[in-house]
Amino acid sequence: MDVASALRRLDVAARPPRLEGGDVFYVVHDAPIGTLVLAATREGTLVACSYDAEEAVTARLAAHLSPRVLREPQRLDEARRQIDAYVTGRRRAFDVPASPVLATPFARRVLGELARVPYGSTTTYQAIARAIGAPRASRAVGHALGANPLCIVLPCHRVLRTDGSLGGYAGGLAAKRRLLDLEGVA
Amino acid sequence: MFVGLPPFQQLVDAHWRDVARLAAAMAGPREGDDVAQEAWVRALRAYPSLTHAGNLRSWLLTITAHTALDAQRSRARRDLAAARPPEPAADLAPLRDERLWEGVRALPARQRQAVVLHYVGGLAHTEVARALETTPAASRRLVSDALATLRKVLGTGPEEG
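All of these numbers come straight from a predicted model, not from anything done at the bench.

1. Some words on the nonpolar core
Logical step 1: One finds L7 of chain A together with F8, W40, W59, L100 and V115 of chain B to be the most contacted residues of the largest nonpolar core, which totals 56 residues.
Logical step 2: Every element with two or more residues in this core is listed here: α1 (3-9) of chain A together with α1 (8-27), α2 (29-46), α3 (56-81), α4 (98-106), α5 (109-120), α6 (125-131) and α7 (136-154) of chain B.
Logical step 3: Looking at this core, the element that brings in the most residues is α1 of chain B, giving ten residues.
Logical step 4: In this structure, W59 of chain B is in contact with L11, A43, A46, Y47 and L50 of chain B, ignoring residues within four places of it in sequence.
Logical step 5: Of all hydrophobic cores here, the second largest spans 39 residues; its members include L36, Y51, V87 and V153 of chain A.

2. Overview of the confidence of the model for chain B
Logical step 1: The predicted model of chain B averages 86 in pLDDT, with 86% of residues at 70 or higher.
Logical step 2: Below pLDDT 50 for its whole length, residues 88-94 of chain B participates in twelve contacts with residues either more than four positions away or in separate chains.

3. Notes on the pattern of salt bridges
Logical step 1: A full pass over the atoms with the stated rule returns 18 salt bridges over all chains.
Logical step 2: Salt bridges linked by common partners bring E38, R42, D70 and R73 of chain B together as one network.

4. Description of the domain arrangement of chain A
Residue and element names in this part refer to chain A.
Logical step 1: We note that the domain assignment places domain 1 (24-87) and domain 2 (105-182) within chain A.
Logical step 2: Facing the twelve residues of domain 1 at the interface are 15 residues of domain 2.
Logical step 3: Those elements that provide at least two residues to the side of domain 1 that touches domain 2 are β3 (46-50) and α3 (77-87).
Logical step 4: Looking at the side of domain 1 that touches domain 2, the element that brings in the most residues is β3, giving five residues.
Logical step 5: Of the residues in the side of domain 1 that touches domain 2, the class split is eleven nonpolar, one polar and no charged.

5. So, the packing of aromatic side chains
Geometrically, a pair of aromatic rings is defined through the distance of the ring centres and the angle of the planes.
Residue and element names in this part refer to chain B.
Logical step 1: Applying the stated criterion across every chain, the model contains six aromatic pairs over all chains.
Logical step 2: Ring centres 5.8 Å apart and planes at 90° place the aromatic pair F8 and W40 in the edge-to-face group. Highlighted residues: F8 in helix α1 and W40 in helix α2, separated in sequence by 32 residues. Summarising the burial analysis for this pair, F8 and W40 share the class buried.
Logical step 3: Both rings, one in Y47 and one in W59, keep their centres 6.0 Å apart while their planes meet at 35°; by these two values the pair is tilted. On the criterion of sequence distance, the pair formed by Y47 in the loop between α2 and α3 and W59 in helix α3 is long-range, its members being twelve residues apart.
Logical step 4: Under the relative-accessibility criterion, Y47 is labelled buried at 0%.
Logical step 5: Assessed through its relative accessible area of 18%, W59 is described here as buried.

6. Side note on the environment of A25 of chain B
Logical step 1: Locating A25 of chain B in the fold gives a position in helix α1.
Logical step 2: For A25 of chain B, a relative accessible area of 0% puts it in the buried group.
Logical step 3: Every residue in contact with A25 of chain B, bar those within four places of it in the chain, is listed here: L10 of chain A together with W101, V104, R105, V116 and V120 of chain B.

7. Topic: the sheet that holds strand β1 (residues 24-31) of chain A
All names here are of chain A.
Logical step 1: Pairing within the open sheet is mixed, and its four strands lie in the order β3-β2-β1-β4. What marks the edges here is a single partner per strand, and that holds for β3 and β4 (69-71). Neighbour-to-neighbour, the strand axes of this sheet turn through a mean angle of 25°, independent of strand direction.
Logical step 2: In terms of strand pairing, β1 meets β4 through three bridges, oriented parallel.

8. Digging into the pairing of strand β2 (residues 34-41) of chain A
All names here are of chain A.
Logical step 1: β2 sits mainly inside the fold: six of its eight residues count as buried.
Logical step 2: Here eight bridges tie β1 to β2, and the two strands are oriented antiparallel to one another. If you follow F25 over to β2, its bridge partner there is A40.
Logical step 3: Hairpin geometry of β1 and β2 is characterised by an intervening segment of two residues between the two adjacent antiparallel strands.
Logical step 4: When β2 meets β3, the two strands line up antiparallel, connected through four bridges. Pairing of V37 across the sheet is with S50, part of β3.
Logical step 5: Linking β2 to β3, which pair antiparallel, is a turn of four residues; within it G44 sits at a positive phi near 95°.

Reading the values: the criteria
Residues numbered from 1 in each chain as written. Chains lettered and ligands numbered in written order. Predicted model: local features only at pLDDT ≥ 70, side-chain atom pairs only at ≥ 80, totals over all residues. Heavy atoms only, no water. Core = buried A, V, L, I, M, F, W, Y, C linked by side-chain atoms within 4.5 Å. Buried < 20%, exposed > 50% of the residue type's maximum accessible area, 1.4 Å probe, protein only. Helix = DSSP H or I, 4+ residues; strand = E, 2+ residues; numbered from the N terminus. Contact = heavy atoms within 4.5 Å. pLDDT = per-residue confidence, 0-100. Salt bridge = Lys/Arg side-chain N within 4 Å of Asp/Glu carboxyl O. Domains from an automatic or database assignment. Nonpolar A, V, L, I, M, F, W, Y, C, P; charged D, E, K, R; others polar. Phe/Tyr/Trp six-rings, centres within 6.5 Å; stacked < 30°, edge-to-face > 60°. Pairing = 2+ DSSP bridges. Axes fitted to C-alpha atoms, helices over the stretch in contact; angles between N-to-C directions.

Dropping the structure here:
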């Protein structure tokens, strides 16, 4: 027997570790509107609901919150349930604690304005720019909304261009259209 | 201090099989599972205080090798306290080449860590040396002593490679 190559060949039946002690937990969720990465802190505060790829979202979580990021789907069961109910028209608001900690301070001001846009209505990039006292910053407002860490939960899909066209959406324009249709917005 | 550590789950996904292999080689397949689990818990606890994100695989395998030795020491203490003989090699049965793994587990601690990190973990001698806080030359010696012992135990002559 060649000892060295026998050592190299070693294979065992094993299973992934069961870990406790994470700081941030996430799940990749196939929602009816598209694939979402949902993440929450140990306290259960939702910090991400994103159309971005798993690698991108978890890298952001690691950099901004803690590198102890673990995939733990059951921690996000309630948030998943509410998202699915929302995008299938069975729910109009969320009651999981959520915080835009992944957003920049400017983006937080922008996202804060979304609270004034109720279900079934829309606003414009420019109106938000004016509301936060930066009337010439509608492009920056668009960027901030495009980087919304809490899509759907903070309803950036209700923001349109001044000419009434859809503008952009991280989840694709079809998803934006669908969310607006759900709310009965033409 | 921002050192750009990747999300821990990425380490788990990329390396859990290698950690399991190393733990099994060090501790046997049955205890290996517990060793791997404990190694991950230690790694997760220590992770945020790492000062650089270089060679995380080597870092994980080093923790696993140390954890296996700690487990062996505490089991030896338990066995002594209970006046039990050390666990027989029966738990090696699921592994092929039983005598080889039995031989690995009978090696002196540093030889075993070095040979397992190098061949099972695929670490270069510089990395093995870092794990064992010694020099690459000493790592080479530990590995070649270990191989010589294993060949003697298995009754095979020296080979190439």
